[in-house]
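Survey of secondary and tertiary structure
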Amino acid sequence: MGRVILFSFILLFIACGELFDIDDSSLVPLHPEIAVPLISTQSSFQEILDATDDLVQFEIDQSGLLSLVYPGDTIDVTAQQLLLPIPVLGNILITDTVTSFGLQFIPGLTIDEAVFKSNSLFFTVVPPDSDSYTITATIPSFRKDGEALEVAFEVPPNMTGQSVQSAFVDLNGVELIGSLDSIGISYDARNSIGERVSFNTLRLDIDFVNFSYVEGSFTTQEFPIPQRLIRINTFNNVVSGEVEFDNPSLEIEINNSFGFPIEPEVNDLSIINNVGQAIPFISDLFLPGRLLLDFPRIDEAFVAKSTTIELNKNNSNIADIFDQESQLISLDIDAIAFPETSEETKGFISEDSRLNIRTELKVPLEGVVSDYVIFENYPIDSLLELENVDELQLNLGVKNGLPVDVSFQILFVGEFFNIIDSLFSEPIIIPQSDDPDSQFTTTAIVDQEKIQKIVPSRFIRTFIGFIQNESGTVRILNSDAVEINVGAIIRTEI
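Because the structure is a prediction, the values reported are computed rather than measured. (Residues numbered from 1 in each chain as written. Predicted model: local features only at pLDDT ≥ 70, side-chain atom pairs only at ≥ 80, totals over all residues. Heavy atoms only, no water.)

1. A few points about unusual backbone geometry
This is how it is decided: Partly exposed describes any residue whose relative accessible area lies between the buried limit of under 20% and the exposed limit of over 50%, with all areas from a 1.4 Å probe on protein chains only and scaled to the type maximum. Where helices and strands are cited, they refer to DSSP runs of H or I of at least four residues and of E of at least two residues respectively, numbered from the N terminus.
For asparagine 158, which is not glycine, the phi torsion reads 65° and is therefore positive. When its relative accessible area of 58% is taken as the criterion, asparagine 158 is described as exposed. Of note, phenylalanine 417 is a non-glycine position whose phi angle comes to about 65°, a positive value. Along the chain, phenylalanine 417 turns up in the loop between strand 32 (405-413) and strand 33 (419-422).

Pasting the structure below:
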């Protein structure tokens, strides 16, 4: 919250560098005293938040209360990562005219129905003599256009001891009905005079097992999900003090189009502060069986179901561990398919199935401020030539529309971040005022000695403090604004 308020004064601080630019101040030689208006600006908090940092977004509720919103990276876990092609090592010997074979896929999955994707099969045989043969192989559980898959090929004469291969059969879109562990196959082989024969060299070759859709029974399985971070850029450059927020919340929205129940398993969910310390979230929601993601049923294929998990002060310790030192939120959650707490045993995976995980931290600007002080550096190119300037008088007028008193000081900093001097002998206090027309005014005199001293400055460092004088909660509204007026009187040598 402090960093947000800081940006109310950006124009003032940057302009301090421009005060010493002779062209900008319209300094006219031979005039002993020149009055120059420098800044007259008013910024609402909506405008201020837009200028805060490139990470923050904001929301405004019906009462005008502002909230900082930090979205995390969206993570997708797709079926393509689970339905990986499984190579078939070696070809399958067909030992009889009616037999069966099995194929391996995802361990713990019993398939009732599936659809092949981007794979093929073919047969080979080594004839025992020079006769010609006709072979028709049938796989009843492989269905193409509703019919059992048949593969017919010819063995020409005089191929004794040579390998003869059928044409490749494209399995893309072919349905598998029944188990993958026991796939029935039969073949009918006839010699040149029509007699039925059998071979002990007939082989089936499937390059790999790959499906675009799988329906069946699953055992409990864990699928890893990439870790993600939410970066918080609001609390950089803190000098001292604390900010306690009343109701920060972390929202995790998961859209699930996998057709089975999933329980999120929290490996790590913690806030990382500015010294790298990880402070874990604590919530009963993380206990086994407490969270179960909604999912589409078999008759709702490809319709994603959404589940939203919100960690707030009522169900977690987020309000106790989130403060001005927070820099990152680390989130490492895996997915347990068909957890033991679920009664579901059947489901599906489509090639279009995915888990889409979106995280968002929301921080309403409402809480308690305890002498919170931050700083910021602003580079300045040069203070240019000031040998003809005897004295600068800076006149500052601020209408503080914030619900706290504000203190600030400006330091002049050298190239190597050495402190050269300060603008004010002590930090000035700009009191809170309920009167929108009430303006705090002060004057700073920069004499020639100080001017010459600060000429080597390369940075202006601003220290901003926020002082809450009354107990209770401070609320920052969109209508809260700061109006700044700065003028200079430049006294020169004649």
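2. Looking at a negative patch on the surface
We count it as follows: Patch membership is restricted to residues that have no salt bridge and whose relative accessible area is over 30%. Joining uses 9 Å for like charges and 5 Å for the nonpolar side chains Val, Leu, Ile, Met, Phe, Trp and Tyr. Shrake-Rupley sampling with a 1.4 Å probe provides the accessible areas, and residues are treated as covered by the protein chains on show and by no other component. When a carboxyl oxygen of Asp or Glu lies within 4 Å of a side-chain nitrogen of Lys or Arg, that pair is called a salt bridge. Under the convention used here, Asp and Glu are negative, Lys and Arg are positive, and both His and the chain ends fall outside the count. Think of each charge as sitting on NZ of Lys, CZ of Arg, CG of Asp or CD of Glu.
On the surface, Asp434, Asp435, Asp437 and Glu470 cluster together into a patch of negative charge. When you line up the elements, glutamate 470 lands in the loop between strand 36 (459-467) and strand 37 (474-475). For glutamate 470, a relative accessible area of 65% gives the class exposed.

3. Details of the confidence of the model for the protein chain
To keep it simple, the criterion reads: Known as pLDDT, the predictor's per-residue confidence is scaled from 0 to 100.
Overall, the predicted model of the protein chain reaches an average pLDDT of 81, with 84% of residues at or above 70. Averaged pLDDT values over the elements of the protein chain bottom out at 33 in helix 1 (residues 2-6) and peak at 96 in strand 10 (residues 133-144).

4. Here's the deal with the pairing of strand 3 (residues 66-71)
As a reminder, the rule being used: DSSP calls a pair of strands paired once it identifies at least 2 bridges connecting them.
Among the six residues that make up strand 3, five are buried, leaving the element largely enclosed by the rest of the structure. In the sheet, strand 2 (residues 57-60) pairs with strand 3 via four bridges, with the strands oriented antiparallel. Each bridged residue has a counterpart across the sheet, and for glutamine 57 the counterpart in strand 3 is valine 69. Here strand 2 folds back onto strand 3, and the loop between the two strands holds five residues, one of which, glycine 64, carries a positive phi near 95°. As paired elements, strand 3 and strand 29 (residues 354-364) share five bridges and run antiparallel to each other. Across the sheet, the residue bridging to valine 69 is lysine 362, located in strand 29.

5. Some details on the environment of phenylalanine 295
Note the following rule: Note on contacts: a residue pair qualifies if any of its non-hydrogen atoms lie within 4.5 Å across the two residues.
Mapped onto the elements, phenylalanine 295 comes out in the loop between strand 25 (278-280) and strand 26 (305-311). Judged by its relative accessible area of 5%, phenylalanine 295 falls in the buried class. Ignoring sequence-local partners within four residues, the contact set of phenylalanine 295 consists of Asn256, Phe258, Gly259, Phe260, Pro261, Glu300, Lys305 and Glu344.

6. A closer look at the packing of aromatic side chains
The condition is simple: When two rings of Phe, Tyr or Trp (its six-membered ring) have centres within 6.5 Å they constitute a pair, described as stacked for plane angles under 30 degrees, edge-to-face for angles over 60, and tilted for the intermediate range.
In this structure the tally under the stated criterion is twelve aromatic pairs. An angle of 35° between the planes, with centres 4.8 Å apart, marks the rings of phenylalanine 116 and phenylalanine 211 as tilted. Taken together, the residues span a long stretch of sequence, with phenylalanine 116 in strand 8 (residues 109-116) and phenylalanine 211 in strand 19 (residues 211-218) at a distance of 95 residues. With respect to burial, phenylalanine 116 and phenylalanine 211 carry one shared label: buried. With 5.7 Å between their ring centres and 50° between their planes, phenylalanine 245 and phenylalanine 322 make a pair best called tilted. Of this pair, phenylalanine 245 sits in strand 22 (residues 238-245) while phenylalanine 322 sits in the loop between helix 4 (318-321) and strand 27 (326-337), placing them 77 residues apart in sequence. Phenylalanine 245 sits in the buried class, given a relative accessible area of 4%. By relative accessible area, which is 2% here, phenylalanine 322 ends up buried. Among the aromatic residues, those joined into a ring-pair cluster are Phe105, Phe116, Phe142 and Phe211.

7. As for the nonpolar core
Let me state the cut-off plainly: Buried Ala, Val, Leu, Ile, Met, Phe, Trp, Tyr and Cys residues that are joined via side-chain atoms within 4.5 Å together make up what is termed a nonpolar core.
Counting 117 residues, the largest nonpolar core has Phe105, Leu121, Phe142, Phe211 and Leu250 as its most contacted members. Aside from chain neighbours lying at most four places away, what touches leucine 250 is Ile230, Leu269, Phe281, Ile309, Glu310, Leu311, Ile318, Ile329, Glu360 and Leu361.

8. Brief notes about the pattern of salt bridges
Overall, the coordinates contain 13 salt bridges when judged by the stated rule. Between glutamate 483 and lysine 399 there is a salt bridge, and its shortest N-O distance comes to 3.9 Å. Of the two residues, glutamate 483 sits in strand 38 (residues 481-492) while lysine 399 sits in strand 31 (residues 389-400), which places them 84 residues apart along the sequence. By relative accessible area, glutamate 483 is classed as buried at 19%. Through salt bridges that share partners, Glu251, Glu253, Arg358 and Glu360 make up one connected network.

9. Section: the pairing of strand 9 (residues 120-125)
Burial analysis of strand 9 places six of its six residues in the buried class, which makes it a mostly covered element. Side chains Ser120, Phe122 and Thr124 project from strand 9 onto one buried face, and the interleaved Leu121, Phe123 and Val125 project onto a second face that is buried too. In the sheet, strand 9 pairs with strand 13 (residues 169-170) via two bridges, with the strands oriented antiparallel. Bridged to serine 120 within strand 13 is aspartate 170. Pairing of strand 9 with strand 17 (residues 203-206), which is carried by four bridges, proceeds in the antiparallel orientation. Within the sheet, the bridge partner assigned to phenylalanine 122 lies in strand 17 and is aspartate 205. Of the strand pairs in this sheet, strand 9 and strand 12 (residues 164-165) are connected by two bridges, and their pairing is antiparallel. Directly across from valine 125, in strand 12, lies its bridge partner valine 164.

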